[in-house]
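# Tertiary structure, described
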Amino acid sequence: MRKLSNYFSGIVGIFLSSSLALSYPEFIRHGYMNCTSCHVSPTGGGALTEYGRSLSDEVLSRWSRPGESGFLYGLLPTTAHFQGGGDIRGLRLNQRTPKKTTQRTIFMQGDVEAAARIGNWAALVSAGVEESGKESLSPLSRKHWVGYQVNENILIRAGKFQRAFLFNTAEHATLIKRTAGLDVGSETYNVEGSYLSETGEFFLTANLGRIDKTALDVQSGTTLKGGFSVGSKSKVGLQYDYERNSQKTQHLFGPYFALGLSEDSVVLSEIILNRGAETGKEVSNGLTSYTRFSYEAFKGGWLYAIHEWSQPSLKIASSSQVGSLGIQFFPRPHFEFNLLVQRQWLPANAGQNDLAFLLGHFYL
C-alpha cells in the first residue's frame, strides 16, 4: 500500500493531473442502474449519449432551454453514429497544513472527445492537455479504445481507459482511490468484457499496464466487479482488483452500495480490504472506506457530506480520517460549480490539514 503521507503531501499534484470525467452515480435515484444510460463508456464519464444530454436539460440543470445541452450547443450536430464531448476545468485551491498555507489557481483539464459507432463496432478517442510544470502544458490522450457490441448487453473493448473499479465520482484524491492506485494518470491499457442490464452489471478486466511507456507500470492485473439492483433505485455488489509489478503485489476486495433513499437523497459507500506486500517485505492487511451522502436541496443544487477512513495495517492502531462538506450547483447545461471544505485527521501526531476549493467545470 502506498504510504498515506503521499496522499497529503501530493494532494495538489493530484488535482493538477487526475483523470477527470463527468459522471454522477447519484442518478440511480431515478432508476438508472448503469452508466450507459447517459455515457458512451460502460464505466461512465466522457462523451454523452443523446439521452444523457436530454437528462442534462431536464433533470440535472437548474434552468435550461430545450436542446441547450447539445454538443457545442448544437453547432456540431451529433447522431446515433457520432457523439462528441469534452471538459474544461479550473480550480481555486486553499490548503492549510501545520507548516504552511497554500493558495493556487489551477488549470485542471482541457479535453475533447469523439465517439463513433458503425454497426456493432464502437470507438472513442480523447485529446487534451495537462499541466506538467509551472505554466507549462503537455499534450496527452487520457483514453482511446475500440469495442465490439456482441449483443444488447455484452460489450468487449480494448484500449486505454480507467478500469471498472470503485465509483467513478468527481472526487479523485480520496483515500480509497489512493489505496487502489486510481489517482494521478492511472488509466492503463486493458481488455474488458462487460455485461449490463436493467438489473445488474458485471465487468472482467485484464490490466496490461502502460504499454506506451518504456517499462510497464503494471506488469499484470485483473479486475472483477459485479452488482445487482435492489428494488428500483439501489444497487449492491462486490469488487476485486489484483495488481503485481516489480515493487509490490496487491489484492483489493470488498462490497459497494449505491442506495437511492428517496427522490432527493443518495448514499454511495464502498469498503475495501487491502492485502499486499512490497517486494521483500511482510504481507500486511489494511482497510479503507468511503461514504458519500448527497441531498438535492433544489433542482440543480446538491448538498453533500463525505467521510473517509483508512488503516494501512490492521496490526497497527494508526488510521487516517477525512471529512468533507460541499455544495454542487448546475445552473445551466454545460456548467458545474463545486465548493468543498475538508478536514484531514492524520496519523502519527501529524496534526490536521484543512482544505477548501472552488471548482468550475464547462462540458462540451
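Residues numbered from 1 in each chain as written. Predicted model: local features only at pLDDT ≥ 70, side-chain atom pairs only at ≥ 80, totals over all residues. Heavy atoms only, no water.

Moving on: the pattern of salt bridges. Summed over the entire model, instances satisfying the criterion amount to twelve salt bridges. As a salt-bridge pair, Arg96 and Asp354 come within 2.6 Å of each other at their nearest N and O atoms. With a gap of 258 residues between them, Arg96 in strand S1 (residues 82-96) and Asp354 in strand S17 (residues 352-363) connect regions that are remote in the sequence. Residue class for Arg96 comes out partly exposed when judged on its relative accessible area of 45%. Two residues, Arg163 and Glu243, come together in a salt bridge whose shortest N-O distance is 3.7 Å. With Arg163 in the loop between strand S6 (154-161) and helix H4 (175-180) and Glu243 in strand S10 (residues 234-244), this residue pair connects regions lying 80 residues apart in the sequence. A single burial state applies to Arg163 and to Glu243, both of which are buried. Shared partners join several salt bridges into a network, and the residues in it are Arg96, Arg343 and Asp354. (Salt bridge = Lys/Arg side-chain N within 4 Å of Asp/Glu carboxyl O. Helix = DSSP H or I, 4+ residues; strand = E, 2+ residues; numbered from the N terminus. Buried < 20%, exposed > 50% of the residue type's maximum accessible area, 1.4 Å probe, protein only.)

Moving on: helix H3 (residues 50-60). Every buried residue of H3 is listed here: Gly52, Arg53, Leu55, Ser56, Asp57 and Leu60. Contacts made by the buried residues of H3 are with S1 and S17. (Contact = heavy atoms within 4.5 Å.)

Okay, the side chain of Glu68 next. By the secondary structure assignment, Glu68 is in the loop between H3 and S1. Since its relative accessible area comes to 7%, Glu68 is described here as buried. A distance of 2.9 Å separates the side chain of Glu68 from the backbone nitrogen of Arg65, its partner in a polar contact. Excluding anything up to four places from it in sequence, Glu68 contacts Asp57, Tyr73, Arg332, Pro333 and His334. (Polar contact = N/O pair within 3.5 Å; in protein donor to acceptor, adjacent residues only side chain to side chain.)

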